[in-house]
Number of protein chains: 2
Amino acid sequence: MIQVNDAISIIKDNCFKMAAKKIRVSKSLGYILAESIFSPINMPPFRQSSMDGYAFSYGESRRFDIIGTSQAGDFLNFEIKKNQAVRIFTGAFVPDNADTVVMQENITATEGVIEINKMPLRFDNVRKKGEQVKKGELVLKENTLITPAAIGFLVSLGIKEIMIHDKPKVAIVVTGNELVKAGKKLPKGKIYESNSIMLKVALQQTGVKKVKTFRVKDNFEATKTVLKDCLSDFDIVLVSGGISVGDFDFVKESLLSNNVEELFYKINQKPGKPLFFGKKENTIVFALPGNPASALTCFYVYVLPAIKKMLGYEAIHLPKINRKISTDFTNSTGKALFLKAFYDDEKVTVLDSQSSAMLNTFAVANGLIYLPYDLVNIKQEMEVTVLPFN
Amino acid sequence: MIQVNDAISIIKDNCFKMAAKKIRVSKSLGYILAESIFSPINMPPFRQSSMDGYAFSYGESRRFDIIGTSQAGDFLNFEIKKNQAVRIFTGAFVPDNADTVVMQENITATEGVIEINKMPLRFDNVRKKGEQVKKGELVLKENTLITPAAIGFLVSLGIKEIMIHDKPKVAIVVTGNELVKAGKKLPKGKIYESNSIMLKVALQQTGVKKVKTFRVKDNFEATKTVLKDCLSDFDIVLVSGGISVGDFDFVKESLLSNNVEELFYKINQKPGKPLFFGKKENTIVFALPGNPASALTCFYVYVLPAIKKMLGYEAIHLPKINRKISTDFTNSTGKALFLKAFYDDEKVTVLDSQSSAMLNTFAVANGLIYLPYDLVNIKQEMEVTVLPFN
């Protein structure tokens, strides 16, 4: 049995970034860049007006004849003589022999003629070619997270495809003779199986969509066979249930007989003690407790960081926040506790029922309070660590 | 021109929750419940062992013959006599005339006979029928956010469909003669259009997927016609560009001529001053500035809260966090500022280039610093408000 922090270190050391893959920029939200990006163009690609106004060649004149209009999108390279100007709009091409734009607020216009009331400085309101980004310049470093802004930026540079770290394919293996698929009639002695859909949507929330669910009876040979296929076809195998010490818990045995290397089994925590973590070649395996709330706690605390590491994230853990706890609390278990909780801007409240067999409390929680195993007496108003779900 | 907080209030007052709709629980992640949910079953649905051990009828005996095995999923209603017990596993049905389960750690077993070393209390390790949830009990209140845990919980109760608030359909209308679709050759005077894909993925990140993009030239009639259709077919219309004061900015005129009610136009802020917000029947309209960084700032600060309100969220704004600013900063603009920034656990740094025309800074920012218009002198180490993107 190991402590929480050791378990996290072992996971960190045993998960590797997924291979790089080329994808369309428009599909890259939430991925991590597997290459550095250099701009293929200058931005702006031409001298551009940054204002609505009039473009002219700076000199002594304050009075100009208007010889045409340059709207954004036009490429009208007017020959502008001294005493001539061009009506110009934000984003429009500035003719080659104009060097300055005067804002429209600072002129008086009368029938094809303008008079400047407030003279700009030379070069004012003209964005130079490549002023913001030069062709060939490093624009996004490897390991950058692709956000909506990054996608907009890449598209504005005309980039269509980028290399990112691929997302893992995940197998969910549900064990348990007592489980019935939701929607069917519930025979005596059975309960509805909910872990597979719960884990699937939790994965979906992290952006992992290639998820396949397998169901297996509590039987060594059947479990071993299903796991064998999963270990060869998936990057992550999440097993739900069958990992305690009961006679009918075949999962660990089935994993070991498939040559999965055990990296840890059992963590000094509640809920979620009987967590198994192992590896076979590049596939990692988590065998999660069957109790739904234990399974989901282990997912947030251990599986999610593993996925983030594989996706290429640098910050792989649930962000931690500190909040004042709203009541006294004693942890006499000697175990680390993850308590279903509700936090707001100031405080955090431990929710009433902490049973690991049911999700009723988890369903209304917005985070987990993490109490280290050696923190016994928690007094009201003490700052505690909260792992927010969102 | 109005202040930031007034703009937010006006948005809050003018967006309404979307209509309720029935969907499958498995597809309901991120929605808000439009009904209260009552449990259709007892949980557990039968008396259930919470341990691996032996079920017996509490009395004076410590020594029992084992007459059978009840595995999870079985429904074996053994007739257990005095001095008899049944081998039982976690989650398994407890036979009607057993009332107690002794943990397997606390017995000695020899050839079909067990001897209890440490006697449990009567009723120990037996979960009563309906102990966690009673049939008919309120289990999730209206307005609850559907999380992975909530989905697991609903499925465990055998619930397949729920009523939620629907998601809005969004039209993105991109204006600008200068814009070329990414991937095409870039003619002189043109730039790549990136706002539509940026807004589309930003919407996608909020879970809004019914998004359609329209492109229109800078022309009053064309703009008016496209907007007319969008106003009748979508819940939200996001217009990009064409909202400044230039001669070629037709958007506001086109909106008003389509009988859109102007709720505000222009906010005392930088970037994103020329934001227009209006409404026609149940469709709301944001006309965003064309500059990508301005458009995205307005999206995060104003459009996102509007969407959350429509989805039924109670907390509709970007969560705010406080961080110590890493440098002095003077805001002499008289405007509220939204500065592209990078924050960590302790401090926040204003990023170098704050140009609103380019997304290079936005692409590496993880939040915006919000400085109210009347906060002029910001000293290093002062706590400022940060709006984190994630």
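Residues numbered from 1 in each chain as written. Chains lettered and ligands numbered in written order. Predicted model: local features only at pLDDT ≥ 70, side-chain atom pairs only at ≥ 80, totals over all residues. Heavy atoms only, no water.

Points about the overall build of chain A
How we decide: Elements are defined by DSSP. Helices are runs of H or I of four residues or more, strands are runs of E of two residues or more, and each kind is numbered from the N terminus. The quantity called the radius of gyration is restricted to C-alpha atoms. Its globule counterpart is 2.2 Å times the number of residues to the power 0.38. Contacts between residues were defined by any pair of non-hydrogen atoms, one from each residue, lying within 4.5 Å. Computed with the Shrake-Rupley method and a 1.4 Å probe, the accessible areas treat only the protein chains shown as cover for residues. The charged-residue count follows a simple rule in which Lys and Arg add positive charge and Asp and Glu add negative charge, with His and chain termini not counted at all. All charge positions are set by atom: Lys at NZ, Arg at CZ, Asp at CG, Glu at CD.
Secondary structure assignment for chain A yields six helices and 28 strands. For chain A, the C-alpha radius of gyration of 31 Å lies well beyond 21 Å, the compact-globule estimate for 390 residues. In chain A, 68% of the contacts between residues at least 6 apart in sequence involve partners at least 24 apart. When the accessible surface of chain A is totalled, it reaches about 17000 Å², and 48% of it is carbon and sulfur. Where the 51 positive side-chain charges of chain A centre and where its 41 negative ones centre are 5 Å apart.

Notes on the interface of chain B and chain A
Under the convention used in this document: Take the accessible area each of two parts loses on contact, using a 1.4 Å probe, and add the two losses: that sum is the buried area. Salt bridge criterion: a side-chain nitrogen from Lys or Arg within 4 Å of a carboxyl oxygen from Asp or Glu. Polar contact criterion, stated in full: a pair of N or O atoms within 3.5 Å, where within protein one must be able to donate a hydrogen and the other to accept it, and residues adjacent in sequence count only if both atoms are side-chain atoms.
Contact residues are listed per partner, giving 70 residues for chain B and 70 residues for chain A. Of the roughly 5800 Å² buried between chain B and chain A on both sides combined, carbon and sulfur atoms contribute 68%. Counting across the interface, chain B meets chain A through zero salt bridges. Linking chain B to chain A there are six residue pairs in polar contact (both at pLDDT 80 or more). If you tally residues by element for the side of chain B that touches chain A, the top one is helix H2 (residues 148–156) of chain B, at eight residues.

With respect to the sheet that holds strand S13 (residues 170–175) of chain A
Residues and elements named next belong to chain A. Inclusion rule: In short, DSSP must find at least two bridges between two strands for them to pair. Angular values range over 0 to 180 degrees, each being the angle between N-to-C directions of two axes fitted as lines to C-alpha atoms, with helices fitted over their stretch in contact.
With mixed pairing, the six strands of this open sheet are ordered in space as S16-S13-S17-S21-S20-S18. Unpaired on one side and paired on the other, strand S16 (211–216) and strand S18 (261–265) mark the two borders of the sheet. The sheet shows a mean angle of 20° between the axes of neighbouring strands, taken without regard to direction. Two elements, S13 and S16, share six bridges in a ladder whose sense is parallel. By the bridge assignment, Thr 175 is partnered in S16 with Val 216. In this fold helix H1 (residues 4–14) packs onto S18, strand S20 (276–280) and strand S21 (283–288), with an angle of close to 155° to the strand it touches most, S18. Packing against the sheet, helix H6 (residues 292–311) makes contact with strand S17 (236–240) and S21, and its axis sits at approximately 170° to S21.

Description of the pattern of salt bridges
Any two side chains of opposite charge can pair, so long as their charged atoms come close to each other. All names here are of chain A. The test is simple: Throughout this description, buried means an accessible area under 20% of the type-specific maximum (1.4 Å probe, protein chains only), exposed means over 50%, and partly exposed covers the range between.
As enumerated under the stated definition, the model contains 12 salt bridges over all chains in all. Between Asp 166 and Lys 21 there is a salt bridge, and its shortest N-O distance comes to 3.6 Å. Placement of Asp 166 in the loop between strand S12 (161–165) and S13 and of Lys 21 in strand S1 (residues 20–24) is noted, with a sequence separation of 145 residues between them. The class for Lys 21 is partly exposed, based on a relative accessible area of 32%.

Quick notes on the domain arrangement of chain A
For clarity, the threshold we go by: An automatic or database domain assignment is the source of the domain bounds shown.
Split into domains, chain A comes out as domain 1 (4–18 + 167–311), domain 2 (21–42 + 133–165), domain 3 (48–127) and domain 4 (321–388). The straight-line distance from the C-alpha centre of domain 2 of chain A to that of domain 3 of chain A is 35 Å.

A short note on the packing of helix H1 (residues 4–14) of chain B against helix H6 (residues 292–311) of chain B
All names here are of chain B. The condition that has to hold: The cut-offs work like this: below 35 degrees is roughly parallel, past 145 is roughly antiparallel, 65 to 115 is roughly perpendicular, and the gaps in between are oblique. Take the far helix as your reference; a near helix turned counterclockwise from it by less than a right angle gives a left-handed crossing, and one turned clockwise gives a right-handed crossing. In the scheme used here, Gly and all other residues not listed as nonpolar or charged are polar, with Ala, Val, Leu, Ile, Met, Phe, Trp, Tyr, Cys and Pro taken as nonpolar and Asp, Glu, Lys and Arg as charged.
Relative orientation of the contacting elements H1 and H6 amounts to 25°, with a least axis distance of 9 Å. Considered as vectors, H1 and H6 are oriented roughly parallel to each other. The chirality of how H1 crosses H6 is right-handed. Side by side, H1 and H6 meet where Val 4, Ala 7, Ile 8, Ile 11 and Lys 12 of the first sit next to Tyr 302, Ala 306 and Lys 309 of the second. Looking at side-chain class alone, the contact of H1 with H6 contains six nonpolar, no polar and two charged residues.

Concerning the environment of B:Ser156
As for its placement among the helices and strands, B:Ser156 is situated in helix H2. If we ignore the near neighbours within four places in the chain, the residues touching B:Ser156 are A:Tyr192, A:Ser194, B:Ile41 and B:Met43. At 2.6 Å, the side chain of B:Ser156 and the backbone oxygen of B:Phe153 are in polar contact.

What to know about H1(A)
Residue and element names in this part refer to chain A. The following threshold applies: Picture the helix axis, draw a direction to every C-beta atom, and the arc is the one those directions span.
Every buried residue of H1 is accounted for by Val 4, Ala 7, Ile 8, Ile 11 and Asn 14. Looking straight down H1, one finds that the buried residues subtend no more than 140° of arc, so they occupy a single side. Among the exposed residues of H1, those oriented more than 90 degrees off its buried face are Asn 5 and Asp 13.

Quick look at unusual backbone geometry
The peptide bond linking A:Met43 to A:Pro44 adopts the cis configuration, its omega dihedral lying at -5°. With an omega of -5°, the peptide bond between B:Lys270 and B:Pro271 qualifies as cis. In this structure, B:Pro271 sits in the loop between strand S19 (269–270) and strand S20 (276–280). Notably, A:Glu111 is not glycine yet its phi reads approximately 40°, a positive angle. When its relative accessible area of 83% is taken as the criterion, A:Glu111 is described as exposed. A positive phi angle is found at A:Asn125, which is not glycine, with a value near 65°. Among the structural elements, A:Asn125 can be located in the loop between strand S9 (113–116) and strand S10 (126–127).

A word on the packing of aromatic side chains
Residue and element names in this part refer to chain A. Rules: Working definition: a ring pair exists when centres of Phe, Tyr or Trp rings (six-membered ring for Trp) sit within 6.5 Å. Plane angles under 30 degrees give stacked, over 60 give edge-to-face, the rest tilted.
Within the structure shown, the criterion is met by 26 aromatic pairs over all chains. Both rings, one in Tyr 300 and one in Phe 389, keep their centres 4.7 Å apart while their planes meet at 20°; by these two values the pair is stacked. With a gap of 89 residues between them, Tyr 300 in helix H6 and Phe 389 in the segment after strand S28 (383–388) connect regions that are remote in the sequence. Through a chain of ring-to-ring contacts, the aromatic side chains of Phe 299, Tyr 300, Phe 362 and Phe 389 assemble into a single cluster.

Notes on the relation of the copies chain B and chain A
The condition that has to hold: To line up the copies, we fit them by least squares on C-alpha atoms, keeping just the residues with pLDDT of at least 70 in both.
Once chain B is rotated about the relating axis by 180° and shifted along it by 0.0 Å, it coincides with chain A to within an RMSD of 0.0 Å. Those values place the two copies in the arrangement expected of a two-fold rotation axis. When C-alpha distances to the rotation axis are compared across chain B, the minimum falls at B:Asn390, with a value of 4.1 Å.

Focus: the sheet that holds strand S6 (residues 84–88) of chain B
Residue and element names in this part refer to chain B. The strand order across the open sheet formed by six strands is S7-S4-S6-S5-S9-S8, and the pairing between neighbours is mixed. A strand with exactly one partner marks an edge of an open sheet, and here the two such strands are strand S7 (100–103) and strand S8 (107–110). Across the sheet, the mean angle separating the axes of adjacent strands is 35° when strand polarity is ignored. Relative to S6, strand S4 (residues 53–56) is paired through four bridges, and the arrangement is antiparallel. Pairing of Gly 53 across the sheet is with Ile 88, part of S6.

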